[in-house]
Amino acid sequence: MGHDPVMRPNQTHELRIRVDQIERLLMFDYEPGSEDALFDICDAQGHILKTGEIKGPVTRVRLTDVHGDDLILMVLDGETSTVRPIQLKKAG
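Reference entry: report on the structure contained in this document.

## Observations concerning the pairing of strand E5 (residues 58-62)
Logical step 1: Judged by which residues are buried, E5 turns out to be one-sided: Thr 59 and Val 61 face inward and are buried, whereas Val 58, Arg 60 and Arg 62, on the alternate face, are not.
Logical step 2: Where strand E2 (residues 25-29) meets E5, 5 bridges bridge the pair, whose relative direction is antiparallel. By the bridge assignment, Leu 25 is partnered in E5 with Arg 62.

## Comments concerning the pairing of E2
If a strand is regular, its side chains alternate between the two faces of the sheet.
Logical step 1: Extensive coverage of E2 is indicated by the burial of 5 of its 5 residues.
Logical step 2: Here E2 shows no split at all, with Leu 25, Met 27 and Asp 29 on one side and Leu 26 and Phe 28 on the other all buried.
Logical step 3: In this sheet, E2 lies alongside strand E1 (residues 16-20) in antiparallel orientation, the contact comprising 5 bridges. When the bridges of E2 are listed, Arg 16 appears paired with Asp 29.
Logical step 4: Hairpin geometry of E1 and E2 is characterised by an intervening segment of 4 residues between the two adjacent antiparallel strands and by a positive phi of about 50° at Arg 24.

## So, the packing of aromatic side chains
Logical step 1: Taken as a whole, this structure holds 1 aromatic pair when the rule is applied.
Logical step 2: With a centroid separation of 5.8 Å and 75° between ring planes, the pair formed by Phe 28 and Phe 39 is classed as edge-to-face. Here Phe 28 is found in strand E2, whereas its partner Phe 39 is found in strand E3 (residues 38-43), with 11 residues between them in sequence. The pair formed by Phe 28 and Phe 39 is uniform in burial state, with each residue classed as buried.

Criteria and thresholds
- One numbering rule holds for all chains: residues counted from 1, following each sequence as written.
- Since the coordinates come from a predicted model, pLDDT governs what is reported: local features require at least 70, and pairs of side-chain atoms require 80 or more to be given and counted, while whole-chain, interface and lining totals use all residues.
- The side-chain quantities take in all heavy atoms of the structure and omit both hydrogens and water.
- We call a residue buried when its accessible area falls under 20% of the maximum for its residue type, exposed when it is over 50%, and partly exposed in between, using a 1.4 Å probe and counting protein chains only.
- By definition, any uninterrupted DSSP run of H or I lasting at least four residues is a helix, any uninterrupted run of E lasting at least two residues is a strand, and each is numbered from the N terminus.
- Criterion used throughout: strands pair if DSSP finds at least two bridges between them.
- Any pair of Phe, Tyr and Trp rings, taking the six-membered ring for Trp, is counted once the centres come within 6.5 Å. Such a pair is stacked with planes under 30 degrees apart, edge-to-face with planes over 60 apart, and tilted for the rest.

Pasting the structure below:
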């Protein structure tokens, strides 16, 4: 059985997220596949709190004016969209 590489789009668009709790800074590693790649940070209800352009390979977003600890990062890159949850506070 062989694999079709076209069926694995996430292999080329890896998204790694880091949060600096002290600075309230979100950093994500993403190499955009198109020139007009954008990100949205949404709350749990889906309201957009911040939006901006992705300047790969690392995009930094200050979250000092964003309230709530359970957020969602959406990356919109041409025909590709990636959604990842963000927990600003870790349990424990």
